[in-house]
Structures are given as C-alpha cells and as structure tokens.
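Results of the structural survey
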Amino acid sequence: MIQVLFLAQLREQLGVAELQVGADSVVSIATLKDYLVVNHPHWEQFLSNSKLLVAVNHQYVKTDVAIASGDEVAFFPPVTGG
Amino acid sequence: MIQVLFLAQLREQLGVAELQVGADSVVSIATLKDYLVVNHPHWEQFLSNSKLLVAVNHQYVKTDVAIASGDEVAFFPPVTGG
Amino acid sequence: MTFSISVQTQDFDVGREYAELIAGDTAAGAVVFFVGRVRDLNNARDVTSMSLEHYPGMTEKILQQIMDETKTRWDLIAAHIVHRVGELQMGDQIVFVGVTSAHREHAFQAAEFLMDYLKTRAPFWKKESTKTGEVTWVDAKEGDEVRARRWYTDQQ
Amino acid sequence: MTFSISVQTQDFDVGREYAELIAGDTAAGAVVFFVGRVRDLNNARDVTSMSLEHYPGMTEKILQQIMDETKTRWDLIAAHIVHRVGELQMGDQIVFVGVTSAHREHAFQAAEFLMDYLKTRAPFWKKESTKTGEVTWVDAKEGDEVRARRWYTDQQ
C-alpha cells in the first residue's frame, strides 16, 4: 500500500487527510494523481495546481518519481512557516 | 582656549590625555598639529599617522577645518568597539 | 545542545535560549537571533490569532537538512531552531533562530539563511483568524522565495 | 524606550532587553538581535580580559546619528543599542543591538547596519590582555570598513 497525505488547505479542499492506494494501481506520482482524479473527479482542480508541493518519504520531489508499496506521499500547498 | 584631547593608544604614545592651546596660536587642525609638533618634536611620528581620526566638538572632520576658542579637538586612532 | 531543533506547542524563553546557546562557550564572539511573532496586521488583515500546522516527521528532517547546509556554509559554533505549532495569539512568539560564531558576518548570514530556507522549505502552514471572524490560510510570499534564491550556488 | 542608546559599565540582560524591545507591541513581527562578547582567541592572541575605553559625549552623539540614519533607511518599530565600557573578562558581553520591524528583511539589515557603523564610527577602543601578560591595543580591521562601505549610497 502507498500512504497518501493531504495537508493544510489542500486537506480542507479535498475533505480528506489521508488515504491508502494499492501499489499495483500506481507506479509514480503522475499515475497516483491520475488514479486520484479518476476516483474523485472534483479533486482535479486542486491536484492540478502547479504550485502544489509533493514529498515522498519526507523528501521533496520536484519531478515525477517512481513510488512503491510502503512509500508515504504527501501533497501540500506552498509552506508559510517562520 | 582650544581644548585638545588624545585618546586610547595615542594618549599612551604621547603620555598626555589633554591640554589647552591658546586660540591665537592656531586657526585650523593643520596649524594646531604644527603647533603641537613644534612644541613636542617627538610627537611628530604619532600625529603624522595618516590613519589618525580627528573630531571637532564631537563630530568627525575629514579635511582641515577652522577652529576657534571654546572648540574641543580630539585626536584618536581608528575605533575598535562592538 | 550545540546544534538543536525543536518543534513544539509550548512557548520558548528568549533569555533561556540565549543562555543555552552560549553556555560554557568563550569562543563565540558573535551571537545573532531572530524571533518571529504573530503580528496584528498581516497583508492588511486584522489578525487576532493563528493556527500553525506542520507535517510531523518531515518538518524535523527538513529543518535538520537546513541546519546541516548552514553548517557547511558558515563557521558556526552553535545554532538553535525552535518553531511552535498549534494555536497562537496576537503577539505570541512563533519561531526562534539563534546562531553563534567567532565572526559576526558568519552569524548574521547564517541566521538570515536559516530563516529564508525555513520560510520556504519547512512544511509549516499558517491559518489566520481576523477580528471579523474570517479564517484564512496565509498565502506564500513570492518575496520569500526570491530571498531564499539569493543563497543558491551553482551546485543547486 | 522605543529607540534607546546606553553606554554603561554594568552588564545587560538579553532576556530583559528583548522584553523591553517588544513591550506592548504587537506589530513587531520580526525581532533581530546581535550580542558581541569577549572571545578567548582574537587574531591568534589568547585573550583573558579586555579594557574598553570610549570618548564620553562623542560616543553617545555618534550612536544617536547611526540610530537616526538606520531609522531613515528601514521601517523599524524599535531599536536598542547597549555598549559596555571598562574592564571585561573572557566571555563577557560587550554590545547588544536589537531591532524590531514588521518585516524580517528590515530587521536583519538594520541590525547589520547598526553593527557595521558602530564598529567603524563609534569612538570605542579595545585593549586586550593575554595569558602571557601582554597588553595590546586592538587594531581596527580593514574588513570592518569594507563591510560598512557596503551601505554607502550616492548621497554619501
């Protein structure tokens, strides 16, 4: 299973904090996004936001990367701490 | 009278902290320096130091300026606070 | 405690942070701190309180990476980062960054770098509440990203 | 106390300086401090103590001029400068500069500017005593003057 997290404003927009996706359904960030949008068509407007940040296992990924079972993928808006 | 101060290392080099000079003897920083060196020839090496700073009435002066009775003139080395 | 990171709900004491930063250390001639606080007016909104969310696990790792990067760039003796999360009120302290060095230019630059990278890399999010009852997620500032990019080297 | 200058023999308390700096103020989102201390090794000399001399009267005027200049350049809410004179020991605090602003870049730049100008303009002189009993006037650093010149504008 792949653990998927939505944080901050994105969590509120989707109404979901986390979900699991079978690793056989997705092999990369791009296919994960496609999978999520197919299952939740109204998420498309939020997940297609080009400013959205993506982290795999707590590290930022700037381009598409392969993901596998056990990975934690987080989607979140630009950060505003400090 | 013009009040003349020597501060920090310069005070130790000259062995004098302050002295008064009659305003009729000097009209500018340059003539004051000349006056001091004439009266204390061994001060020449210290007062001719190009790094020496000069303040008249607590304000830095970068070029020669006129001075008059009641003025306070201070000579001192580059500052090292902070 | 020489280089430390803390993400916490409780407040911090600046005097104590300073004391810990220089404890037993007579080489640190220069100490620079930054404290960020909840201010009453942000982007023309009358802020009364703020909720700070983060991504536990990732936050600490990113802060550690920023700290490590800072140590490779400047000659530091110690550095602390403290960042609060949870509910904060107007005037409350949000973040403390303190660094010590034998050299003042290193201390100043390292503190600015830590703040610039923390602001644009560490996964924290602010949600402000205003006097009128409006609750708004704070937008990231383009200026913060521009400031962070000042530090980029050819390697990045 | 919003903008204050103090030249004193007694020590200062960083926690108290910070508290005074932000007292009653909820607009100051950013606070930057600098503390300078007597460090054990300076220019390869093993320093044990230091004597700090100044030019009473002129010192305060110059610090006030530097403060005024800082206020015209950056958007500050408060600033304190505290500088000690007299006999200091290894590890002792020498100088405190603290500024608050609504904007972090203003606070950082103003604090650096205050330190750069204080270092090269304010009439203080340090005399160090070393372990071997040597007593030496500290030489001004060319680097400090270079740093101060960064802030020059065409008007100067």
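These lines cover the structure that appears in this document, whether it is placed above or below. (Residues numbered from 1 in each chain as written. Chains lettered and ligands numbered in written order. Predicted model: local features only at pLDDT ≥ 70, side-chain atom pairs only at ≥ 80, totals over all residues. Heavy atoms only, no water.)

Quick look at the interface of chain D and chain B
- Listed by partner, the interface residues are 27 residues for chain D and 20 residues for chain B.
- Of the roughly 1,900 Å² buried at the junction of chain D and chain B (both faces included), carbon and sulfur atoms supply 56%.
- Area buried by chain D at its contact with chain B is led by Tyr55(D), Trp125(D) and Trp137(D), which between them contribute 35% of it.
- On inspection of chain D and its partner chain B, the count reaches two salt bridges.
- Here Arg11(B) ties to Glu53(D) by a salt bridge, and the two come within 2.5 Å at their closest N and O atoms.
- Across the contact surface, chain D and chain B share 15 residue pairs in polar contact (both at pLDDT 80 or more).
- Elements with a contribution of two residues or more to the side of chain D that touches chain B: strand 4 (45-54), helix 2 (58-73), strand 7 (93-101), helix 3 (104-121) and strand 8 (124-130) of chain D.
- If you tally residues by element for the side of chain D that touches chain B, the top one is helix 3 of chain D, at five residues. (Contact = heavy atoms within 4.5 Å. Buried area = accessible area lost by both parts, 1.4 Å probe. Salt bridge = Lys/Arg side-chain N within 4 Å of Asp/Glu carboxyl O. Polar contact = N/O pair within 3.5 Å; in protein donor to acceptor, adjacent residues only side chain to side chain. Helix = DSSP H or I, 4+ residues; strand = E, 2+ residues; numbered from the N terminus.)

Regarding the interface of chain C and chain D
- In this assembly, 35 residues from chain C lie in contact with 35 residues from chain D.
- On the chain C side of the interface with chain D, the three residues burying the most area are Arg37(C), Arg104(C) and Phe108(C), jointly 25% of the side's total.
- Summed over the shared surface of chain C and chain D, the number is four salt bridges.
- Salt-bridge contacts for Arg104(C) lead to Asp144(D); the nearest nitrogen and oxygen are separated by 2.9 Å.
- The tally of links between chain C and chain D comes to 19 residue pairs in polar contact (both at pLDDT 80 or more).
- Looking at the side of chain C that touches chain D, the elements with two or more residues in it are helix 1 (14-22), strand 2 (30-37), helix 3 (104-121) and helix 4 (142-149) of chain C.
- Residue classes in the side of chain C that touches chain D are distributed as 17 nonpolar, seven polar and 11 charged.
- The sheet contact formed by strand 2 of chain C and strand 2 (residues 30-37) of chain D spans seven bridges and is antiparallel. In the strand pairing of strand 2 of chain D, Ala30(C) is matched with Gly36(D). (Nonpolar A, V, L, I, M, F, W, Y, C, P; charged D, E, K, R; others polar. Pairing = 2+ DSSP bridges.)

Focus: the side chain of Arg121(D)
- Structurally, Arg121(D) is set in helix 3.
- Here the side chain of Arg121(D) touches Thr120(D) through a polar contact of 2.8 Å, side chain to side chain.
- Beyond its immediate stretch of four places on either side in the chain, Arg121(D) contacts Tyr60(B), Val79(B), Ile62(D), Ile66(D), Glu145(D), Ala148(D) and Tyr152(D).

Concerning the packing of helix 3 of chain C against helix 3 of chain D
- Direction vectors running N to C along helix 3 of chain C and helix 3 of chain D enclose 180 degrees, while the axes themselves pass 12 Å from each other. Here helix 3 of chain D runs roughly antiparallel to helix 3 of chain C, going by the angle between their axes. Only Arg104(D), Phe108(D), Ala111(D), Glu112(D), Met115(D), Asp116(D) and Lys119(D) of helix 3 of chain D make contact with helix 3 of chain C, whose side of the interface consists of Arg104(C), Phe108(C), Ala111(C), Glu112(C), Met115(C), Asp116(C) and Lys119(C).
- Looking at the contact of helix 3 of chain C with helix 3 of chain D residue by residue, the classes come out as six nonpolar, no polar and eight charged. (Axes fitted to C-alpha atoms, helices over the stretch in contact; angles between N-to-C directions. Parallel < 35°, antiparallel > 145°, perpendicular 65-115°, else oblique.)

Section: the relation of the copies chain C and chain D
- Mapping chain C onto chain D is achieved by rotating through 180 degrees and translating by 0.0 Å along the same axis, at an RMSD of 0.0 Å. With respect to symmetry, the two chain copies, as superposed, fit the operation of a two-fold axis. Distance from the rotation axis, computed per C-alpha, reaches its smallest value in chain C at Gly15(C): 1.9 Å.
- A share of 100% of the interface residues of chain C reappears at the interface of chain D, consistent with the copies meeting face to face through the same patch. (Least-squares fit on C-alpha atoms with pLDDT ≥ 70 in both.)

What to know about the pattern of salt bridges
- Counted under the stated rule, the structure contains 26 salt bridges over all chains.
- Residue Glu145(D) pairs with Arg149(D) through a salt bridge whose shortest N-O separation is 3.8 Å. Of this pair, Glu145(D) and Arg149(D) both sit in helix 4 (residues 142-149), four residues apart, which is roughly one turn of that helix.
- Take Arg149(D): its relative accessible area is 40%, and that puts it in the partly exposed class.
- A single network of salt bridges, built from pairs that share partners, joins Arg104(C), Glu112(D), Asp116(D), Asp144(D), Arg147(D) and Arg150(D). (Buried < 20%, exposed > 50% of the residue type's maximum accessible area, 1.4 Å probe, protein only.)

Observations regarding the arrangement of the chains
- Summarising the chain contacts, three pairs of chains touch, and the pair with the most contacts is chains C and D.
- There is a clear gap between chain A and chain D: no contact, and 10 Å between their nearest C-alpha atoms.

Points about the packing of helix 3 of chain C against helix 4 of chain C
Residue and element names in this part refer to chain C.
- With their axes 9 Å apart at the nearest point, helix 3 and helix 4 run at an angle of 130 degrees to one another. Considering the angle they form, helix 3 stands oblique to helix 4. Where helix 3 crosses over helix 4, the handedness of that crossing is left-handed. Here Glu112, Asp116, Tyr117, Lys119, Thr120 and Arg121 of helix 3 lie close against helix 4, whose contacting residues are Asp144, Glu145, Arg147 and Ala148.
- For the contact of helix 3 with helix 4, a count of residues per class yields two nonpolar, one polar and seven charged. (Left-handed = near helix turned anticlockwise from the far one by under 90°.)

None of the figures reported here should be taken as evidence of function without further support.
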